[in-house]
Amino acid sequence: GIVACQAAAATQRQQQRAASALSARFGEAQALPHGDDFAPGKSWLQRGFATLADFHDFTRRRFGNPVRTWFQLDVEENMKLGQRQFERRCLEIGYRGNLTALWKYLDGDGSGTVGIMEFHNQAAQVLAGFKAIMMDSFDDSLPDMFAALDSKRRGRLTKIEFIAAMYKVGFKGP
């Protein structure tokens, strides 16, 4: 009873001290305790993995899918982000998780930049497949693609019509 409570309180104080130390070192926004991200003995890899899962959950609720999220982060559409730009954009969209651990996890090769392949591999592959269909079937022309897909010539497509039309031109999606 009392020993377990004391041990739990000591663990909580230790986590708070670790969070405070990281906050002082990296700045408040990057070091906010998030779940058990600061549990003693957790590696940066474990923290990064947990933070990435939390980040993807947050952005899925906020933007719907990883591609939309990427373009919220990469507004200049350079298809890569540096650490400061990435962290600033994460804060701008409202994410307050462990950005330092997230960055270290995403930039696993230490290149100093993160592309959509590192951010979300499956989304990057789907986007690349879409781009390949656009280039091969429509000479990389969005107006030509839309004209071909809009068989009823209404100037718009429902989601179901778009998916069916893309399937007909060979895009299978994820």
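Computed from a predicted structure; not experimentally measured.

A. Seen up close, the overall build of the chain. Of regular secondary structure, the chain possesses nine helices and two strands. For the chain, the sequential pattern of α-helices and β-strands runs α-α-α-β-α-α-β-α-α-α-α. For the chain, buried positions account for 31% of its 174 residues. Nonlocal contacts in the chain, meaning residues at least 24 apart in sequence, comprise 49% of its contacts between residues at least 6 apart. Of the accessible surface of the chain, which amounts to about 10700 Å², a share of 55% is contributed by carbon and sulfur atoms.

B. Structural view of the side chain of Asp-107. By the element assignment, Asp-107 lies in the loop between α5 (99-106) and β2 (113-115). Engagement of the side chain of Asp-107 in a polar contact is seen with the backbone nitrogen of Ser-111, the distance being 3.1 Å. In this structure Asp-107 touches Gly-112, Thr-113, Val-114 and Glu-118, once residues within four positions along its chain are discounted.

C. How the structure looks around the side chain of Asp-150. Position of Asp-150 relative to the elements: it lies in the loop between α8 (142-149) and α9 (159-168). One buried charged residue, Asp-150, forms no salt bridge at all, with the nearest opposite charge on Arg-154 at 4.8 Å. Among the polar contacts made by the side chain of Asp-150, one reaches the main-chain amide nitrogen of Arg-154 at a distance of 3.1 Å. Other than its neighbours up to four places away in sequence, Asp-150 contacts Gly-155, Arg-156 and Leu-157.

D. Representation of the confidence of the model for the chain in the model. Averaged over all residues, the pLDDT of the chain equals 79, while 76% of them reach at least 70. The low-confidence segment residues 17-34, where pLDDT is below 50, has 24 contacts with residues more than four positions distant or belonging to other chains.

E. Main features of the packing of aromatic side chains. One pass over the full model with this rule turns up nine aromatic pairs. Measuring from centroid to centroid gives 6.2 Å for Phe-55 and Phe-86, while their planes differ by 55°, and the two rings are tilted. In this pair, Phe-55 is assigned in helix α2 (residues 44-63) and Phe-86 in helix α4 (residues 83-92), connecting sequence segments 31 residues apart. The pair formed by Phe-55 and Phe-86 is uniform in burial state, with each residue classed as buried. With centroids separated by 6.0 Å and ring planes inclined at 80°, the aromatic side chains of Phe-130 and Phe-171 adopt a geometry described as edge-to-face. Residue Phe-130 is located in helix α7 (residues 121-138), and its partner Phe-171 is located in the segment after α9; the two are separated by 41 residues in the primary sequence. Each residue in the set Phe-55, Phe-58, Trp-70, Phe-86, Tyr-95, Trp-103 and Phe-119 is aromatic and connected to the rest through ring pairs, giving one cluster.

Procedures and definitions
- Residues numbered from 1 in each chain as written.
- Predicted model: local features only at pLDDT ≥ 70, side-chain atom pairs only at ≥ 80, totals over all residues.
- Heavy atoms only, no water.
- Helix = DSSP H or I, 4+ residues; strand = E, 2+ residues; numbered from the N terminus.
- Buried < 20%, exposed > 50% of the residue type's maximum accessible area, 1.4 Å probe, protein only.
- Contact = heavy atoms within 4.5 Å.
- Areas by Shrake-Rupley, 256 points an atom, 1.4 Å probe, with all protein chains shown as cover.
- Polar contact = N/O pair within 3.5 Å; in protein donor to acceptor, adjacent residues only side chain to side chain.
- Lys, Arg positive; Asp, Glu negative; His and termini not counted.
- Salt bridge = Lys/Arg side-chain N within 4 Å of Asp/Glu carboxyl O.
- pLDDT = per-residue confidence, 0-100.
- Phe/Tyr/Trp six-rings, centres within 6.5 Å; stacked < 30°, edge-to-face > 60°.

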